[in-house]
Amino acid sequence: MDGRRRLAEPVTDGVHARPGAGAAPESRRARVRARLKLARARRERYLRRWLGPVRNWRLPRGTGIAAAMMFVFASIVFGTVRGGHLPEAAEELRDLRDTAANALGFRITSIALTGQRQLSHEEILATAGITGRSSLLFLDAADARSRLKAVPWIAEATVLKLYPGRLHITVTERDAFALWQRDGKVTVIADDGAVVEPYVSKRFANLPLVVGAGAETKVKEFLALLDRYPTVRDQFRAAVLVANRRWNVLLLNGIGVRLPETEVEQALAMLVQLDRDKKLLTRDIATIDLRLPDRVTVRLSDEAFAARQDAQKDKKTKKKGGSA
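Residues numbered from 1 in each chain as written. Predicted model: local features only at pLDDT ≥ 70, side-chain atom pairs only at ≥ 80, totals over all residues. Heavy atoms only, no water.

(A) Highlighting the nonpolar core. By size, the foremost hydrophobic cluster in this structure holds 31 residues, and its most contacted members are F222, W247, V257, L259, L271 and I288. Every element with two or more residues in this core is listed here: β4 (178-182), α6 (215-226), β8 (236-242), β9 (246-251), α8 (264-278) and β11 (285-289). The biggest single contributor to this core is α6, with 6 residues. Filtering out sequence-adjacent residues up to four positions away, L259 remains in contact with F222, R246, W247, N248, V249, V264, A267, L268, L290 and R291. With 24 residues, the next largest nonpolar core counts I108, A144, L167 and A190 among its residues. (Core = buried A, V, L, I, M, F, W, Y, C linked by side-chain atoms within 4.5 Å. Buried < 20%, exposed > 50% of the residue type's maximum accessible area, 1.4 Å probe, protein only. Helix = DSSP H or I, 4+ residues; strand = E, 2+ residues; numbered from the N terminus. Contact = heavy atoms within 4.5 Å.)

Have a look at this one:
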């Protein structure tokens, strides 16, 4: 008590005194540890709630072996693709597949092939992808037909599977129609202009020859026109398509006939008439020009021109001698 009978009371009014400066860091660390412990407890409760059933799972027996085999298989596939061996691997798988099908009774025991003339039996089967190991079960008829139609000689093909082991193949081949020369290269073409053979063998040496870009698609119509005039067609040797518009014809005796762009039939009829009346196609001439409808221009061969010049000189000499 003080001198005035009052009790001494603390100024903090019941609040605990603030700890000293040295105790403050330890109190903060305690609070942080408490918060971390609380967060960890909450996390554990969450995991137990949602992942609790997973803790009771048991992997089936052999899972490890299966995973190892899948890893090895994936490695093999990756190495095959990366090394560029995919076609060989696919071929091996096809052989294994066909071997299994053949063992089950789907071996190709007979092949009926009709329609081939230019191509051999072996060439057609090889093109269709049919080998001695092929099975009828896994033979893709549509793919075999597409392979056959990709051959220039073959215009149409049919592949029919008759289980368990019979195969029927029918092909329709194009006919060798003419020889086509372009840029110095001669090929064999069909009547539709398709190149059926990139070189000329002896069996095609007598085919008519056409020259020039676009001639391969127009030769059928042009030769059909010449067939109406046997006098010209029988002596036909070659034809040159000029600027994709008109034809120059070369005959067997070396005479060149220049046809017009239009009214070709009238020009050919005139040529036949001149040969009938004046034996024009048997004379020693180089070129017959029929491009103008109202006239025919004839150019003599070099030998005939020289002989004519000599004859004219002789004629002039005789006239001078007679006048003297």
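(B) View of a positive patch on the surface. On the surface, a cluster of positive charge is made up of R28, R29, R31, R33 and R35. A residue is classified by how much of its surface remains accessible, and R33, at 52% relative accessible area, is exposed. (Patch = residues over 30% accessible without salt bridge, like charges linked within 9 Å, V, L, I, M, F, W, Y side chains within 5 Å. Areas by Shrake-Rupley, 256 points an atom, 1.4 Å probe, with all protein chains shown as cover. Salt bridge = Lys/Arg side-chain N within 4 Å of Asp/Glu carboxyl O. Lys, Arg positive; Asp, Glu negative; His and termini not counted. Charge placed at Lys NZ, Arg CZ, Asp CG, Glu CD.)

(C) Just the sheet that holds strand β2 (residues 154-162), in detail. What the 3 strands build is an open sheet, ordered β1-β3-β2; its pairing is mixed. The sheet terminates laterally at β1 (110-114) and β2, the two strands that pair on one side only. For this sheet, the mean angle separating the axes of adjacent strands, direction not counted, is 15°. Relative to strand β3 (residues 166-173), β1 runs parallel, the two sharing 5 bridges. (Pairing = 2+ DSSP bridges. Axes fitted to C-alpha atoms, helices over the stretch in contact; angles between N-to-C directions.)

(D) Fine view of the sheet that holds strand β12 (residues 297-300). Pairing is mixed in the open sheet, where 9 strands are placed in the order β6-β5-β4-β7-β8-β9-β10-β11-β12. Looking along the sheet, the strands with just one partner apiece sit at the ends: β6 (195-197) and β12. Ignoring strand direction, the axes of neighbouring strands in this sheet form an average angle of 30°. Relative to β8, strand β7 (residues 209-211) runs parallel, the two being bridged by 3 bridges. Counterpart to V211 in the pairing with β8 is V240.

(E) Representation of the confidence of the model for the protein chain. Residues with a pLDDT of 70 or more make up 71% of the protein chain, whose mean pLDDT is 82. Scored below 50 in pLDDT, residues 9-17 makes 0 contacts in the model with residues more than four places away or belonging to other chains. (pLDDT = per-residue confidence, 0-100.)

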